[in-house]
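Here's the letter readout for the chains.
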Amino acid sequence: MKTIGIAILVALLSLAALVGTTMAVVSADVAREAKDDAESATKSAGRAAQTAAPAAEADGLVSYAGQTAENAEELAAQREPFPPELPPIPEGDVVDVELTLKDVVVEIAPGVEYNAWGFEGGAPGPAIHVREGQKVQIALTNDGTIPHSIDFHAARIAPDRAFRDVDVGETITYTFEATDPGVFMYHCGTKPVLAHIANGMYGAIVVEPAEQPLPKADREYVLVSSEWYLTGSGIDEPASYDVTKAHAVIPDWVTWNGYAGQYVTHPLTADPGDTVRFWVVAAGPSLDTDFHVVGTILDRAWVNQDMSKYQSGVQTVGVPAGGGAVFDVRIDEPGLYPVLSHSFASVDMGQVGLLKVGNPKGAGGH
Ligand code: CU
Ligand code: CU
C-alpha cells in the first residue's frame, strides 16, 4: 500500500508544504485524478501546490479552509483512521449502549485541533449496529461541563422524557425498540443544537432489517458527514466553535467520520466483484451530502426511508442533514474510486475518501 495512495495523499495535502495556504482546488483535483494512475495524481499535486491561495475572507469571516500543519502528509499517514467498518450486531434481545460525553480536543485535519464535545471521546460517536426488533438500552453519562442529551432518530419515544438534558456528573437512561430499519443519526439535542452538533455530538445507528433481509454485502462501511466551523486555524492551539460562521454556513472543514481526507490516506478496501455497502448519515449540522462514487453507478440506493425498496442505477443521491441512506456498489475493475459529496465545496474542504478495489496498478500492497 504505497505509491498511488501516497501520491494522492500528496495531492490532497500538498498544501502542507506551504504554510498558511489553502486546500481549495487540491482535493477537487484529487477526486478527478484519483481514478487515473499514480502519475497523474502526482502531477495534480504539483499543480495544486501552484494554485493554492492564502486564507480567504468572506464578509469579514476568516476562512481557515485547507490550512494544515507543515508535516501534514506525515501526520495523516501516522494517524489511525476512524474505524469505518460496520461493527457486528450484539447478541440478545437487548443491546446496551453506554456512552460518556467528555470535553475533548480532537484532530479534524492534519495538525488541526478542535475543542470538541465527544461521545466516547471522539467525533463522530461510535457506530452502533442493531437488528430490527431488538431493544436498545441507552445510558448517557455527562462527564462534560454543561448539560447534554441524546436524541436517537431511530426511536419512537417522547422526546421530552427520553431526550431531556442530563446534568453534569449524571446519567440518563431510556430504552426503545428498533422498529424501523435503516441508518439513522443520533445526536445531542440540547439547545442550541447547532452548537452541540457542530462541536462533535453525533453518530450513526444502523438498524438491520430482519423481516426483509438485505442482499448479501461483502464489505460494509459507515460514513458520517459533518462540517466544522473554526475560530482559528487550530494549528498552534485548538480552535473552537465559531457561531457566526455556523449561522452563515461557512465551514472550514467538511469530513467523513470527523477527519478530512482520512480515507484517502487509508483507503476503504474491496475485492473486484464485491458488493460494497455504505451506510451514510449526514450529520450536518447544516450541510447535506450529495453521495457519489466516482467511476461507478450506485447499484442500489435506499434513500432516507425504510428498507423495503430501493432505487437502482443512480449516479448521485442527496442525503439531507439529519438523514441517512444506504448504497450498494459492485465494482469489477481494480482501481481507486473516490467516495465523496458531489457538492464540490465539501470535497475541497475534506469530504473525500477512496475505495480501493483490488490491487490497482501502482497502488502496491497486497
Ligand atoms: Cu450536547
Ligand atoms: Cu435530530
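1. Observations regarding the overall build of the protein
At step 1: When helices and strands are counted, the protein shows nine helices and 21 strands.
At step 2: Split into buried and exposed, the 366 residues of the protein put 52% on the buried side.
At step 3: Considering only intrachain contacts with a sequence separation of at least 6, the fraction spanning at least 24 residues in the protein is 75%.

2. Some points on the sheet that holds strand β8 (residues 171–177)
At step 1: Judged by pairing direction, the sheet is mixed, and its four strands sit side by side in the order β4-β3-β6-β8 without closing on themselves. Strands at the two margins of the open sheet, each flanked by one partner only, are β4 (112–119) and β8. Between one strand and the next, the sheet's axes are offset by a mean angle of 25°, whatever the strand orientation.
At step 2: For strand β6 (residues 135–142) and β8, the ladder comprises seven bridges, and the chain directions are antiparallel. Looking across to β8, one finds that T141 is bridged to T171.

3. A word on the environment of G122
At step 1: Here G122 is to be found in the loop between β4 and β5 (128–131).
At step 2: Accessibility expressed as a C-beta count within 10 Å gives 19 for G122, which makes it partly exposed.
At step 3: Apart from the residues within four sequence positions on either side, G122 is in contact with V104, V106 and G258.

4. Remarks on the sheet that holds strand β20 (residues 335–341)
At step 1: The five strands are arranged β13-β21-β20-β15-β18 in an open sheet whose pairing can be described as mixed. Two strands close off the open sheet at either side, each with one partner strand: β13 (268–270) and β18 (317–319). On average, adjacent strands in this sheet sit at an angle of 25° to one another, irrespective of strand direction.
At step 2: As judged from the three bridges shared by strand β15 (residues 289–293) and β18, these two strands associate in the antiparallel manner. Bridge pairing in β18 places T289 opposite V319.

5. Points about the environment of A270
At step 1: Within the element layout of this structure, A270 appears in strand β13.
At step 2: Note: C-alpha distance between A270 and I331 (61 residues apart in sequence) is 8.7 Å.
At step 3: Discounting residues that sit within four places of it in the chain, A270 has contacts with D218, R219, V276, I331, L355 and V357.

6. Concerning the pairing of β15
At step 1: Counting buried residues in β15 gives four out of five residues, a clear majority hidden from the surface.
At step 2: Bridge count for β15 against β20 is three bridges, and the pairing is antiparallel. Looking across to β20, one finds that H292 is bridged to L340.

7. A few points about unusual backbone geometry
At step 1: Backbone torsion omega between A123 and P124 reads 0°, so that peptide bond is classified as cis.
At step 2: Secondary-structure assignment places P124 in the loop between β4 and β5.
At step 3: Between K191 and the following residue, P192, the backbone shows a cis peptide bond with an omega angle of -10°.
At step 4: Relative to the elements of secondary structure, P192 occurs in the loop between β9 (182–187) and α6 (193–198).
At step 5: Positive phi values are uncommon outside glycine, yet E120 reaches one of about 55°.
At step 6: By the element assignment, E120 lies in the loop between β4 and β5.

8. Notes on the confidence of the model for the protein
At step 1: The predicted model of the protein averages 88 in pLDDT, with 83% of residues at 70 or higher.
At step 2: Note that pLDDT drops below 50 for residues 1–54; the model gives that stretch 134 contacts with residues more than four away or on any other chain.

9. A short note on the nonpolar core
At step 1: Formed by 97 residues in total, the largest nonpolar core has its most connected members in A204, I205, V280, A325 and F327.
At step 2: Looking at which element gives the most residues to this core, the answer is strand β3 (residues 94–109), with seven residues.
At step 3: Look past the residues within four positions of V280 in its chain and what remains in contact with it is V183, L223, T289, F291, V319, G324, A325 and F327.

10. Describing the environment of V105
At step 1: Take V105: it is sitting in strand β3.
At step 2: On a C-alpha basis, the gap between V105 and G122 in space is 8.4 Å, while along the polypeptide they are 17 residues apart.
At step 3: With sequence-adjacent residues up to four places away left out, V105 is seen in contact with E113, Y114, N115 and P238.

Cut-offs used in this document
Residues numbered from 1 in each chain as written. Chains lettered and ligands numbered in written order. Predicted model: local features only at pLDDT ≥ 70, side-chain atom pairs only at ≥ 80, totals over all residues. Helix = DSSP H or I, 4+ residues; strand = E, 2+ residues; numbered from the N terminus. Buried ≥ 20, exposed ≤ 12 C-beta atoms within 10 Å, placed from the backbone. Contact = placed C-beta atoms within 7 Å. Pairing = 2+ DSSP bridges. Axes fitted to C-alpha atoms, helices over the stretch in contact; angles between N-to-C directions. pLDDT = per-residue confidence, 0-100. Core = buried A, V, L, I, M, F, W, Y, C linked by C-beta atoms within 7 Å.

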